Amino acid sequence: MNKLVQNEMMKLMAKKRLLVIAAIIGVLVILFTYAQYKQVQTQQEKLGTSDWRTILQQQIIDTTNRLTSSRISEEWKKQLQTTLQQEQYYLDHNINPSEPGAPTFIRIFLENSIDLFLPLMVMVIASDLVSSEHSLGSIKLLLTRPVKRWRVLLSKYITLCLAISLIVAIAGILSYGISGIVFGYRGWGTPILTGFSVTDTGLNTSSVRSLPLWQFILMDFGLVWLVAIVVGTLSFMLSVLIRSTAAGMGIMLASLISGAILSNMVSSWKSAKYLFMVNLRLTDYLKGAAPPIEGMTLSFSITVLLVWWAIALMVAFLSFTQKDIY
Amino acid sequence: MNKHIIRVITYISICVCLIWIIGLGFAVHEYYAGGPEKAPFSKATAKKTLNKKGLTVVALGDSLTRGTGDETGKGYVGDVIDEIKKRTNQQVTLLNLGINGQRSDQLKDQVQQKEVQRQIKGADIVLLTIGGNDLFRGGQGLIDFQTQNVGIVEKRYLDNLKFVLQQIRAVNTEANVFFIGLYNPFINLNQGKDISKVIRRWNYESAEISAAYPKVVFVPTFDLFELKVNDYLYSDKFHPNSKGYRLIAERVAALLTW
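Here goes a summary of the coordinates provided. (Residues numbered from 1 in each chain as written. Chains lettered and ligands numbered in written order. Predicted model: local features only at pLDDT ≥ 70, side-chain atom pairs only at ≥ 80, totals over all residues. Heavy atoms only, no water.)

A count of helices and strands for chain A gives 13 helices and four strands. At 22 Å, chain A has a C-alpha radius of gyration in line with the 20 Å of a compact globule built from 326 residues. Out of the 326 residues in chain A, the part that is buried amounts to 52%. Expressed as a percentage of contacts within chain A between residues at least 6 apart in sequence, the contacts between residues at least 24 apart total 75%. Placing the 27 positive and 18 negative side-chain charges of chain A at their respective mean positions leaves the two points 13 Å apart. (Helix = DSSP H or I, 4+ residues; strand = E, 2+ residues; numbered from the N terminus. Rg over C-alpha atoms; globule rule 2.2 N^0.38 Å. Buried < 20%, exposed > 50% of the residue type's maximum accessible area, 1.4 Å probe, protein only. Contact = heavy atoms within 4.5 Å. Lys, Arg positive; Asp, Glu negative; His and termini not counted. Charge placed at Lys NZ, Arg CZ, Asp CG, Glu CD.)

Given below as structure tokens:
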């Protein structure tokens, strides 16, 4: 098994995919860093101060005023209210919700890339892991060896999981290294609040506690990794089922993007919560944002994702061991 | 590709994989951990006063402070700031804490917030509009303005106003406070004259209370909108438009000293 994994790893490295992915992440992180830097600057220029309490206070007032408008939808109103109460809580408890620094950048980057950007990167690797063997014709060579088919597939899957772990690590290292140039490398120990829960009556703050930022980021990474693994497994299954890499990628891409769109408008379609793509924003639960559909919790979303993961894995293995290859 | 490198990369991947799994376990565990013994509070205290550079203006109050109805979005506060900038080379900092539809009881809560107090403390000039929503209550005030109700509403408003001014003076004894009075947006309606009467008394009482505190200036606006009121009102016939805000700002600007 060890040898098989090594072999798969070698193939992966030879394709230089990881380098391409690292380059893409690097370029985007540069863009995001610049955007964030600009945003902070204009904010400070507008208010004429860099005191975070003043800026947060002004944000609270602005949000309150947006809430008084009659033109905004109920859902949006609820989300705004949640943010508002959270901001006020941060202010009352004298904690800066976005302490400037590379660690905060990492946190924001992870929160925003968990449902689309990182899954896309994972897809680049996962979706042709098996189908490329078909198109290259090397699948026959691979299967003529005296190794059971499921072992071949398992070695590919383990390699995928390792590659995904690497991608997540690359994203973390690049965003830390690049954003640190602008925002500074310190701030791992600053407190951040977690434990907000959204109820019908508003934000429940009874179980809020503060964590050091490094721990919060580690948790974020764990959740991002889980999402990446699930999305990777689904693309892996498609790559087994469909010979054409492009078709498999298209399907995956469509469902990921539909998830991003659906999350904004499914609040009245309750059963949509069993779709994997509306459950991808796991980090929102830690942050305490309102879930897209009422009643969704972290454990619910993780369960849904795991069920999809298990089914995908099962389908992939069954189909690969049964399929005629010609 | 060197076999050795591949092996190293594989081991690194296994390590980070384990780290992420630990992180995931942490996340699930932390999410379902119970509440803390005591609410979190950062010991890092805010500087008592904000670093003073130039002039600081804090605006408090309702939609007039917000600038609702002004196409340029500035409101009288923005106009006043422009005027100050014209007259001084100092850096001018504005914090606009006005909230649409705010009534005096809500303002009373607002000025008791810690951060708001800290901001007031650092202010050189405080601008204030309040009372319009108490009196008109989104149109309800128009219907029963003659009855006993107005008396009760006014009494409550005056108490709140007293509290607010007291609070401002308690945290900041130096800043000039400009309290903008009410105008009558309904002066051209049938009952305009009666409403004017109520507003005149309202303004009189407000001015009386302002006079009890040092450096609190009551700025009347009633006369500004007396003639040609419709030229100065926004399409909702309640808030001023750009021209109306300009009038208020000119009057405030004339009083400014620092």
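With that out of the way, let us pick up the side chain of Ser 196 of chain B. Examined against the element boundaries, Ser 196 of chain B turns out to sit in helix α9 (residues 192-211). Each residue touching Ser 196 of chain B, except ones within four places of it in the same chain, is listed here: Asn 184, Ile 187 and Phe 222 of chain B.

This paragraph deals with the interface of chain A and chain B. The interface of chain A with chain B comprises 49 residues on the first partner and 51 residues on the second. Overall, the association of chain A and chain B removes approximately 4300 Å² of surface from exposure, summing both partners, and the carbon and sulfur fraction of that is 66%. At the surface where chain A touches chain B, the tally comes to three salt bridges. The partner of Arg 118 of chain B in a salt bridge is Asp 51 of chain A, with the nearest N and O atoms 2.6 Å apart. Counting the contacts that link chain A with chain B gives ten residue pairs in polar contact (both at pLDDT 80 or more). For the side of chain A that touches chain B, the elements supplying multiple residues, two or more each, are α1 (2-15), α3 (52-68), α4 (74-92), α9 (149-183), β4 (209-212), α10 (213-241), α12 (283-287) and α13 (298-322) of chain A. A total of nine residues in the side of chain A that touches chain B trace back to one element, the largest contributor, which is α3 of chain A. (Buried area = accessible area lost by both parts, 1.4 Å probe. Salt bridge = Lys/Arg side-chain N within 4 Å of Asp/Glu carboxyl O. Polar contact = N/O pair within 3.5 Å; in protein donor to acceptor, adjacent residues only side chain to side chain.)

We now examine the pairing of strand β3 (residues 125-129) of chain B. All names here are of chain B. With five of its five residues buried, β3 lies for the most part within the structure. What you see with β3 is no split at all: Ile 125, Leu 127 and Thr 129 on one side and Val 126 and Leu 128 on the other are buried throughout. Both strand β1 (residues 55-61) and β3 contribute to a ladder of five bridges, which runs parallel. By the bridge assignment, Leu 60 is partnered in β3 with Leu 128. Of the strand pairs in this sheet, β3 and strand β4 (residues 176-180) are connected by five bridges, and their pairing is parallel. Bridging from a neighbouring strand, Leu 128 pairs with Phe 179 of β4. (Pairing = 2+ DSSP bridges.)

Another point: α3 of chain A. With 17 residues, α3 of chain A should cover 24 Å at 1.5 Å per step; its first-to-last C-alpha distance of 25 Å lies within 8% of that length. Burial analysis of α3 of chain A places 13 of its 17 residues in the buried class, the great majority of the element. (Expected span 1.5 Å × (residues − 1).)

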